[in-house]
Amino acid sequence: MRGHEQRSSALRVGLRFVLLLIVLSSLLAAGILLFRGNGPGQLIGISMIIGLGGIAAVRLMLWILVFVAFRRYYSVFATVASFGVFLGTSALVLVTSVMNGFEIDLRDKIIGARAHVVVTGEYGWIASNRNVLKNISEQTGVIAASPFVEREAMISSFSNMSGVVLKGVIPRRVQQISDLRAFLVNNMHRERSRYGAVFSNIEQPEELDSSRHNGRRLESRGGSSEAEAANTRAATGILNKLCKDESKEEGEKSSTPQVLIGSELAQSLNIYPGMFVELLAPFAGISPIGPSSRIRRFYVAGIFHSGMYEFDAKYAYGCLSDVQHFAGMPKSEITGFEVRASGPGSAPSLARRLSKVKALKGYKVSDWMQRDKNLFAALQLEKLVMFCVLGFIVLVASMAILSTLMMVVLDKFGEIALLKSMGLSIRRIRRLFVRMGVSVGLSGAIVGIADGILMSLLLMTFALPLDPEVYYISKLPVHINVWEVILILCLTVLMSLLSTLYPAYHASKAPIIDGLRRLEEV
């Protein structure tokens, strides 16, 4: 009766504490909103109040309720051990989900910026052979294929200079290979959210006229369907006219080539669409005194934003023929062929099949995983290290299970001896202690995984905002991997099982006479 009253009192105190936490968290979130104001990209709205204060309050509430629930069925020491398992598994699920989100976000950006499979020559160039392109396109799983030229150069504006990788493409084909058109649209959305007005990546009168309806401009919201359609049309127009004479300044030669540059590169050079830049090719030919360079003026037709800093700060796109002429390459030479597979996962198998094609003998065939294998290997190593570090929480909790069972063995030494004298087998005694330990670990693991999944879903619903200028993403990415969750559950149960073996063995080997003598003394 007394124990029941104590548990009821603890439950009432816990509920009061939870209510206090909810009120304080909501007030804290509201204070943050009032302090930060209503500027672009700042925390606004009821969803962010729930996202900041509500998530913290719900998490603390769950922790207290879980501890109280464990206390109703276990002793104090078993409750602490089970709660430790709960915290460890919850942290593992949440952290791995966030790391998976970052990995998938980076992978999608890399896949969108580059082709799934690239075929290049052994010496950095190959002959532009239509038969080779035909053989590649006829392979099963190939969606599109296109030749490209890639050369390093220097780019300069009126205020700065930087290195750049100039890539020559065929506009109508590059839209099937990469997400360049989507990157142009992304930059339009980015500029609109930054300046709060309709942003045109290039002066396109027909696109801008189509974006006006009844004398009004499009709404400034990035999610407007009208703005989305207008931006898509504008981006398509930019790509389609990349290889045409579209000089916008009077008196300028109609032969001025056009170029698309990344958003970070444009920011460092302080240039905008409609301006001109100069590109310098260090080795564009051979003169009587040695290698010669070539300088040519390019018209900035548009700016793209892929969301990957290295790509936006380094790459520029131009027409294939213009880049060949600028680099001093004959039209019969290219760097290689870009290939888009039916899916990113099928790229490795497609690369292996292409490497066995007779027409591609002597060529280098690589997929996107091979080109960035060091980056993804580093991400996997980081995830493994984080998994091991957080796994120590579960390991410590498992040691707590071991110590709890040992205390039970020492405390119930006489009762165990009495049961053995009454005919209880050693196997059943061992099984009893194993069940006790596994039940403590399994209950903590199941509730912890449920808590981790719940927190991950809350973060996915109420996205935690991040500064795009710093992290290059606008919200915290979260992705739950079911197989990793199952692995966490299995490893937690395994550690709990291993922690029960020694106490179970020690209990089964307890001398009957010593146990009965101790029971008489008590």
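Just so we're clear, the structure is a prediction, and the values are computed from it rather than from any experiment.

Engineer: How should the overall build of the protein be read in this particular structure?
Structural biologist: A tally of helices and strands in the protein yields 19 helices and eleven strands. Looking at the protein as a whole, 42% of its 522 residues qualify as buried. Across the protein, every contact between residues at least 6 apart in sequence was considered, and the portion connecting residues at least 24 apart equals 77%. As displayed, the protein has an accessible area near 27600 Å², and 61% of this comes from carbon and sulfur atoms.

Engineer: Would you explain the state of the cysteines in this entry?
Structural biologist: Working definition of a disulfide: a covalent bond connecting the sulfur atoms of two cysteines. Throughout the structure, instances matching the rule amount to one disulfide. Put simply, C243 and C319 are joined by a disulfide, and their sulfur atoms are 2.0 Å apart. Across the S-S bond linking C243 and C319, the dihedral sits near 105°, which makes this disulfide right-handed. Placement of C243 in the loop between helix 8 (225-240) and strand 5 (258-262) and of C319 in strand 8 (residues 315-319) is noted, with a sequence separation of 76 residues between them. Judged by its relative accessible area of 37%, C243 is partly exposed.

Engineer: How should I be thinking about the packing of helix 3 (residues 76-113) against helix 16 (residues 426-461) in this particular structure?
Structural biologist: Packed helices, taken two at a time, are described by their axes: the angle between them and the distance between them. At a minimum axis distance of 7 Å, the contact between helix 3 and helix 16 shows a crossing angle of 35°. Seen from above, helix 3 lies across helix 16 with right-handed handedness. Partitioned by chemical class, the residues of the contact of helix 3 with helix 16 number 13 nonpolar, ten polar and one charged.

Engineer: Where do I start with the packing of helix 3 against helix 14 (residues 373-411) in this structure?
Structural biologist: Following both chains from N to C, one finds helix 3 and helix 14 inclined at 175°, their axes separated by 8 Å at the closest point. Looking at the two axes, helix 3 sits roughly antiparallel to helix 14. For the contact of helix 3 with helix 14, the per-class residue count stands at 22 nonpolar, eight polar and four charged.

Engineer: So what exactly am I meant to see when it comes to the nonpolar core here?
Structural biologist: Taken as a class, soluble globular proteins show a tendency for nonpolar side chains to be buried jointly. Ranked by size, the top nonpolar core spans 70 residues in total, and within it I136, L260, I261 and F304 carry the most contacts. The dominant element in this core, judged by the number of residues it contributes, is strand 7 (residues 290-304), at six residues. With residues near it in sequence (within four places) discarded, L260 still touches L180, L184, I238, L239, L242, A301, G302, F304, A316 and Y317. The next biggest cluster of nonpolar side chains, apart from the first, holds 14 residues, and it includes I401, L405, F433 and V440.

Engineer: What is the right way to look at the pairing of strand 4 (residues 161-169) in this model?
Structural biologist: The two faces of a sheet get side chains in turn, since along a regular strand they alternate between them. Judged from the eight bridges that link them, strand 3 (residues 142-156) and strand 4 form a sheet pairing that is antiparallel. In the strand pairing of strand 4, V149 is matched with G168. Here strand 3 folds back onto strand 4, and the loop between the two strands holds four residues. As paired elements, strand 4 and strand 8 share five bridges and run parallel to each other. Across the sheet, G168 pairs through a bridge with G318, a residue of strand 8.

Engineer: Explain helix 12 (residues 347-355) to me, please; I cannot follow it from the model alone.
Structural biologist: Among the residues of helix 12, A347, P348, L350, A351 and L354 are the ones counted as buried. One side of helix 12 holds all its buried residues, which, seen down the axis, span an arc of 160°. Packed against the buried residues of helix 12 are strand 1 (117-120), helix 4 (130-137), strand 3, strand 10 (336-341), strand 11 (364-367) and helix 13 (368-371).

Engineer: When you look at the environment of I513 in this model, what are you seeing that I'm missing?
Structural biologist: Its place among the elements puts I513 in helix 19 (residues 512-521). Judged by relative accessible area, I513 falls into the exposed class, the value being 59%. Residues I513 and A417 lie 96 residues apart in sequence; the distance between their C-alpha atoms is 7.4 Å.

Parameters at a glance
Residues numbered from 1 in each chain as written. Predicted model: local features only at pLDDT ≥ 70, side-chain atom pairs only at ≥ 80, totals over all residues. Heavy atoms only, no water. Helix = DSSP H or I, 4+ residues; strand = E, 2+ residues; numbered from the N terminus. Buried < 20%, exposed > 50% of the residue type's maximum accessible area, 1.4 Å probe, protein only. Contact = heavy atoms within 4.5 Å. Areas by Shrake-Rupley, 256 points an atom, 1.4 Å probe, with all protein chains shown as cover. Disulfide = S-S within 2.5 Å. Axes fitted to C-alpha atoms, helices over the stretch in contact; angles between N-to-C directions. Left-handed = near helix turned anticlockwise from the far one by under 90°. Nonpolar A, V, L, I, M, F, W, Y, C, P; charged D, E, K, R; others polar. Parallel < 35°, antiparallel > 145°, perpendicular 65-115°, else oblique. Core = buried A, V, L, I, M, F, W, Y, C linked by side-chain atoms within 4.5 Å. Pairing = 2+ DSSP bridges. Arc of directions from axis to C-beta.

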